[in-house]
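These are the residues of each chain, in order.
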Amino acid sequence: MINTYSKLPGTANSIFSVMSQLAAEHNAINLSQGFPDYDCDPKLIDLVADAMKSGNNQYAPMAGLPALKELVANKVNLQYGSNYHPDTEVTITAGGTQAIFTILTACIQAGDEVIIFEPAYDAYAPIIKMMGGLVKSYEMAPPDYDIDWEMVKKLFSSSTKMIILNSPHNPTGSVLKDKDIQALIKLTKDTNVMILSDEVYEHLVYDGEKHQSMALYPELRERSFIVASFGKLLHATGWKVGYCIAPENLMKEFRKIHQFNVFSVNTPMQVGIANYLRDPSIYLGLADFFQQKRDLFRFLLGQTKFNLLPCKGSYFQCVTYGHFSEEEDTVLAKRLITDYGVATIPVSAFYMRNTDHKVLRFCFAKKQETLERSVERLIKL
Ligand code: GLN
């Protein structure tokens, strides 16, 4: 056996794989990994099948199918009043995570510092470290996961290369507010600091609140890579198709990496999605659709011992349990699977440091009956 050198020593399988596998082994209801348990629109599947049958089976252009890039640029520009050019400022990716990997690979070199907000999606920190970058973490805490920008300012140095934002936020379901945007504009003004804005849940914002896209603000737009996901838009997370938008100078660097990473994203899905999304009503109702699920789930969870944290967006509802158990969240999450048949995600997995806020994350992008059945089980706790 040869000796291997690990670029990510101490990194195990992602928490999403671990919990989904445990859920399968114990036949538990899987509210851990964020994905719908109902199928996407059969019309969409037909359009992808039609694309294959009509011969769209060879490489797409490296940056994406022109029709799909155009659709994305139109959608974003209409929604956020921006002016992204489909040829030079939009790239179709193999899902959000690939876009994130590509951005960080393109921008981060040894010694560069990247500010992240924890709890954070599990991909950010390992990729930064893999590139030789240093992670500067601002830790948000329950119940509100609010950001004190005076503290964020202290994380800034002459080596700060990038800030990673994620709104609506995974795992907490919080959303950026106007005061956050104003602070961000002030903090980055006259700097070369870039922003990676993970906006994969952009359409899932509740209670009439506005999605704070970086595309809305010229001062932020000029320094931002925005990451979006067709998986969330189309209820098809397993298709792994998303996109990145950024000003031309940033997108040039993104594409240098993208071409050697995936080269291009699968053609029939791009054709099918482009044809399907000609009708914008498909995504305009998404917030209402998921808000109903959130409201139902919150109502049902009200019958359990858990305390509900606020949920303003995303697929996720977080709860606290410190008032009835001393267990660590990883321990309780495992016990919920083995003893009660419900899988969740322990939120400590989204922090680099050991934390013990005693918070669990549930995904409510599920059929009504799934949410009802899971709460019937959780009531017994
Ligand atoms: N974004 C999804 C979640 O948070 C999972 C993505 C993944 O499994 N890598 O559950």
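Residues numbered from 1 in each chain as written. Predicted model: local features only at pLDDT ≥ 70, side-chain atom pairs only at ≥ 80, totals over all residues. Heavy atoms only, no water.

Here's the deal with the sheet that holds strand β13 (residues 359-363)
Reading across the sheet, the four strands line up as β9-β10-β13-β12 and stay open at both edges, with antiparallel pairing between neighbours. In this open sheet, the two edge strands, each paired with only one partner strand, are β9 (307-308) and β12 (345-346). As paired strands, strand β10 (residues 316-320) and β13 are joined by five bridges and run antiparallel to one another. Paired with Cys318 across the two strands is Arg361, which belongs to β13. This element, helix α13 (residues 286-301), spans β9, β10 and β13 of the sheet and lies at about 20 degrees to β10. Strands β12 and β13 of the sheet are contacted by helix α14 (residues 329-340), whose axis makes an angle of about 40 degrees with β13. (Pairing = 2+ DSSP bridges. Helix = DSSP H or I, 4+ residues; strand = E, 2+ residues; numbered from the N terminus. Contact = heavy atoms within 4.5 Å. Axes fitted to C-alpha atoms, helices over the stretch in contact; angles between N-to-C directions.)

A look at the packing of aromatic side chains
Throughout the structure, instances matching the rule amount to 19 aromatic pairs. Centre to centre, the rings of Tyr201 and Tyr315 are 5.3 Å apart; their planes meet at 65 degrees, and the pair counts as edge-to-face. Here Tyr315 lies in the loop between β9 and β10 and Tyr201 lies in the loop between β6 (194-198) and α8 (218-221), a separation of 114 residues in the sequence. Just as Tyr201 is buried, Tyr315 falls in that class too. Measuring from ring centre to ring centre gives 6.4 Å for Phe225 and Phe254, while their planes differ by 35 degrees; the resulting arrangement is tilted. Within this pair, whereas Phe225 is found in strand β7 (residues 224-229), its partner Phe254 is found in helix α10 (residues 248-261), the two being separated by 29 residues in sequence. (Phe/Tyr/Trp six-rings, centres within 6.5 Å; stacked < 30°, edge-to-face > 60°. Buried < 20%, exposed > 50% of the residue type's maximum accessible area, 1.4 Å probe, protein only.)

Describing unusual backbone geometry
Of the consecutive residues Glu118 and Pro119, the connecting peptide bond is found in the cis state with omega at 5 degrees. Relative to the helices and strands, Pro119 is located in the loop between β3 (113-118) and α5 (124-130). Look at the link from Asn170 to Pro171: it is a cis peptide, with omega at 15 degrees. Note on placement: Pro171 falls in the loop between β5 (160-166) and α7 (178-188).

Observations regarding the environment of Ile226
With respect to the element layout, Ile226 can be found in strand β7. You can call Ile226 buried: its relative accessible area is 4%. If we skip the residues at most four places from it in the chain, Ile226 touches Tyr84, Ser197, Glu199, Ser213, Met214, Ala215, Tyr243, Cys244 and Ile245.

Focus: the nonpolar core
One recurring pattern in soluble globular proteins: nonpolar side chains tend to sit buried together. Phe117, Met162, Phe225, Phe230 and Phe306 are the most contacted members of the largest nonpolar core, which has 128 residues in total. With six residues, helix α3 (residues 66-80) is the largest single contributor of residues to this core. Beyond its immediate chain neighbours, meaning those up to four positions away, Met162 contacts Ile103, Leu104, Cys107, Ile108, Glu113, Val114, Ile115, Val193, Met194, Ile195, Leu196 and Phe225. (Core = buried A, V, L, I, M, F, W, Y, C linked by side-chain atoms within 4.5 Å.)

Describing the site of the ligand
Taken together, Phe16, Gln33, Gly34, Tyr121, Asn170, Tyr201, Phe316 and Arg361 make up the full set of residues near the ligand. For the ligand, a nitrogen atom lies 3.2 Å from a polar atom in the side chain of Tyr121. In this structure, Arg361 approaches the ligand through a side-chain N or O atom, which is 2.7 Å from an oxygen atom. The fraction of the free accessible surface of the ligand (300 Å²) that becomes covered by protein chains is 79%. (Near = heavy atom within 4 Å. Polar contact = N/O pair within 3.5 Å; in protein donor to acceptor, adjacent residues only side chain to side chain. Areas by Shrake-Rupley, 256 points an atom, 1.4 Å probe, with all protein chains shown as cover.)

Thoughts on the pattern of salt bridges
As enumerated under the stated definition, the model contains 15 salt bridges in all. When the shortest N-O distance is used, the salt bridge between Glu139 and Arg353 registers 2.7 Å. Within this pair, whereas Glu139 is found in strand β4 (residues 134-139), its partner Arg353 is found in the loop between β12 and β13, the two being separated by 214 residues in sequence. Judged by relative accessible area, which is 52%, Arg353 ranks as exposed. A salt bridge links Asp356 to Lys358; its shortest N-O distance comes to 3.0 Å. (Salt bridge = Lys/Arg side-chain N within 4 Å of Asp/Glu carboxyl O.)

Some points on the environment of Lys75
With respect to the helices, strands and loops of the structure, Lys75 is situated in helix α3. Measuring from C-alpha to C-alpha, the distance between Lys75 and Leu277 comes to 9.6 Å, with 202 residues separating the pair along the chain. The contact partners of Lys75, leaving out residues within four places of it in the chain, are Glu202, His203, Leu233, Tyr243 and Tyr283. A polar contact of 3.4 Å, which involves the side chain of Lys75, links it to the side chain of Glu202.

All we've got here are geometric facts, nothing functional implied.
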